[in-house]
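Residues per chain are reported as follows:
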Amino acid sequence: NNKNNTIIIGSDHAGFHLKNIIKKYLTDLGINVEDAGAHTEESVDYSDFGISVASMVASGKFERGILICGTGLGMSMAANRFSNVRAALCNGIFSAEMSRRHNNSNILVMGSRVTGEGVALEIVKHWLETPFDGGRHQMRIEKFNNMGKCI
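Because the structure is a prediction, the values reported are computed rather than measured.

Procedures and definitions
Here the residue numbering is sequential within each chain, running from 1 through the sequence in written order. Local features in this predicted model are restricted to residues of pLDDT 70 or higher, and side-chain atom pairs are both shown and tallied only at a pLDDT of 80 or more, whereas totals for entire chains, interfaces and linings draw on every residue. To get the side-chain values, all heavy atoms of the structure are used, and hydrogens and water are removed first. Note on geometry: axes are lines fitted to C-alpha atoms, helical ones only across the stretch in contact, with angles between N-to-C directions running from 0 to 180 degrees. Secondary structure elements follow DSSP: runs of H or I no shorter than four residues count as helices, runs of E no shorter than two count as strands, and numbering proceeds from the N terminus. These descriptions rest on fixed angle ranges, namely under 35 degrees for roughly parallel, over 145 for roughly antiparallel, 65 to 115 for roughly perpendicular, and the rest for oblique. Handedness of a helix crossing follows the sense of rotation of the near helix relative to the far helix, less than a right angle counterclockwise being left-handed and clockwise being right-handed. Should any heavy atoms of two residues lie within 4.5 Å, those residues are considered in contact. The nonpolar class holds Ala, Val, Leu, Ile, Met, Phe, Trp, Tyr, Cys and Pro. Asp, Glu, Lys and Arg form the charged class, and all remaining residues, Gly among them, are polar. Any two strands with at least two DSSP-identified bridges between them are counted as paired.

Peer 1: Would you mind showing me how to read the packing of helix H4 (residues 93-101) against helix H5 (residues 117-129) here?
Peer 2: Helix-helix packing is characterised by the crossing angle of the two axes and by the distance between the axes. At their nearest, the axes of H4 and H5 sit 8 Å apart, and the two run at 20° to each other. By the angle between their directions, the pair H4 and H5 is classed as roughly parallel. By crossing handedness, the relation of H4 to H5 is classed as right-handed. Counted together, Ile93, Ala96, Glu97, Ser99 and Arg100 of H4 and Glu122, Ile123, His126 and Trp127 of H5 form the full contact between these two elements. By residue class, the composition of the contact of H4 with H5 is four nonpolar, two polar and three charged.

Here's what the structure looks like:
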């Protein structure tokens, strides 16, 4: 699999249904999808899947990932603990576009109990299509990318 054309996706039980809808959407676009789970709606810990996806993006095995839980909050907190991960919790198209343009986000996080299916697919579309602006934004990202552990 070409890592540039593969997105790793993960969810907890709350995000399972939306994850499957997004998987189909991505596959229909010709994008390869690696599903890190959950694979059922049985209750699981969101952190296990956030850690799994974020570690794969942090290591460079995948350039981009998508995480879904009930609100997106837990997944974004877990994912952003990894170096080189810029996980963006997006509930709308504008935040998805800006997360790419200014922050070069490499993990899109959404809340299935916050964002409806139609809006979620539009968020994914805009997040995939929006390029990073670079320039002054790259310098800003480097300030926290190079921090390592703060405490």
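Peer 1: Quick question: what am I supposed to make of the sheet that holds strand S5 (residues 107-111) here?
Peer 2: Strands belonging to one sheet form pairs held by backbone hydrogen bonds; the direction of such a pair is parallel or antiparallel. Strands sit in the order S2-S1-S3-S5-S4 across an open sheet of five strands; the sheet is parallel. Since the sheet does not close on itself, it has two edges, and those belong to strand S2 (32-35) and strand S4 (87-89), each with one partner. With direction set aside, neighbouring strand axes in the sheet form an average angle of 25°.

Peer 1: What's the story with the environment of Leu29 in this structure? I'm lost.
Peer 2: Its location among the elements puts Leu29 in the loop between helix H1 (16-28) and S2. Each C-alpha atom of the pair Leu29 and Lys125 lies 9.9 Å from the other, and the pair is 96 residues apart in sequence.

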